[in-house]
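Listed here are the chains, written in short residue letters.
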Amino acid sequence: MLGKLRYGDDEIAYRIVENERLATRVRIHVGPDGEVEVEKPLGLPSSKVAEAVQKRARWIVRHVEAAKSAKKFALPRTYVSGESHFYLGRRFKLIVVAGERGTSRVRLWRGRIEVVLPVTDPVAVRRRLTAWYREKAIAHFSRKLAELVDRFEEVGTVPEFQLLTMEKQWGSCSPAGRLSLNPALIKAPAHCIEYVLLHELCHLVEHNHSKSFYALLGRYCPSWKAWKQELDGYAEQLLVA
Ligand SMILES: [Zn+2]
């Protein structure tokens, strides 16, 4: 069963389902794609449902819009001027500039990430930018790992790492102690990067997620829960290339 909500110029369709556990009130859900579902008690007439939905119109419209803009944010990048790209947790506006033959440059400048290339088609821009992110990731991760190992008593030498693009993971540690780090991590804030590096360093000592692993992590990274949560919040937008 479908219903329709009008709010200003907006018209939002919603699906009505019956829920026998509800006594008198309806329950409204907005899904990740902005779809609206209304659960109603058995036998509640549609007019009563419409009334209840109308009462919460503002709330519904706000949540539908939020879901849609989150979705838009997570769309694959198109690598054209004006698009947002991230570096160390900051948002930069991409500016693509046609340069002379032989030029190939990326620079951060006044809140912009400027890419200068002789050929400015999105494929070339994507390739150049991906290479730039990888360079930055290698430099940042190497420096940071050295710094962290310096105060990490259980690990004596800076471990080797490789960059590995993963869809759902920021980092991993092989049983042999080799780290893999997602180059997309360089787009996250510095403290979130630090959390991932410390997490992987702890795996050099504790190879699982045991109690002692978390005790070690807590010792070197007391804020890890908050930092992890923050990073999880970025996952959708940063892991999309
Ligand atoms: Zn782990």
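Residues numbered from 1 in each chain as written. Predicted model: local features only at pLDDT ≥ 70, side-chain atom pairs only at ≥ 80, totals over all residues. Heavy atoms only, no water.

**Here we look at the packing of helix H3 (residues 122–150) against helix H4 (residues 190–205)**
Okay, so step 1: Here H3 crosses H4 at 60 degrees, and the two axes come no closer than 10 Å. Classified by the interaxial angle, the pair formed by H3 and H4 is oblique. Crossing angle aside, the handedness with which H3 passes H4 is right-handed. Counting all contacts with H3, which are made through His140, Phe141, Lys144, Leu145, Leu148 and Val149, the residues of H4 involved are Ile193, Glu194, Leu197, Leu198 and Leu201.
Okay, so step 2: Residues that form the contact of H3 with H4 fall into these classes: eight nonpolar, one polar and two charged. (Axes fitted to C-alpha atoms, helices over the stretch in contact; angles between N-to-C directions. Helix = DSSP H or I, 4+ residues; strand = E, 2+ residues; numbered from the N terminus. Parallel < 35°, antiparallel > 145°, perpendicular 65-115°, else oblique. Left-handed = near helix turned anticlockwise from the far one by under 90°. Contact = heavy atoms within 4.5 Å. Nonpolar A, V, L, I, M, F, W, Y, C, P; charged D, E, K, R; others polar.)

**Considerations on the environment of Val123**
Okay, so step 1: Checked against the element boundaries, Val123 lands in helix H3.
Okay, so step 2: For Val123, a relative accessible area of 53% translates into the label exposed.
Okay, so step 3: For the pair Val123 and Val80, spaced 43 residues apart in the sequence, the C-alpha separation amounts to 10.0 Å. (Buried < 20%, exposed > 50% of the residue type's maximum accessible area, 1.4 Å probe, protein only.)

**A short note on the sheet that holds strand S4 (residues 36–40)**
Okay, so step 1: Taken in spatial order, the four strands make up an open sheet running S1-S2-S4-S3, and their pairing is mixed. With partners counted over all chains shown, the strands left at the sheet margins are strand S1 (2–7) and strand S3 (27–30), one partner each. Across the sheet, the mean angle separating the axes of adjacent strands is 30 degrees when strand polarity is ignored.
Okay, so step 2: Two elements, strand S2 (residues 10–18) and S4, share five bridges in a ladder whose sense is parallel. Bridge pairing links Tyr14 to Val36 in S4.
Okay, so step 3: Sheet contacts for helix H1 (residues 46–55): S1, S2, S3 and S4; angle to S2, the most-contacted strand, approximately 130 degrees. (Pairing = 2+ DSSP bridges.)

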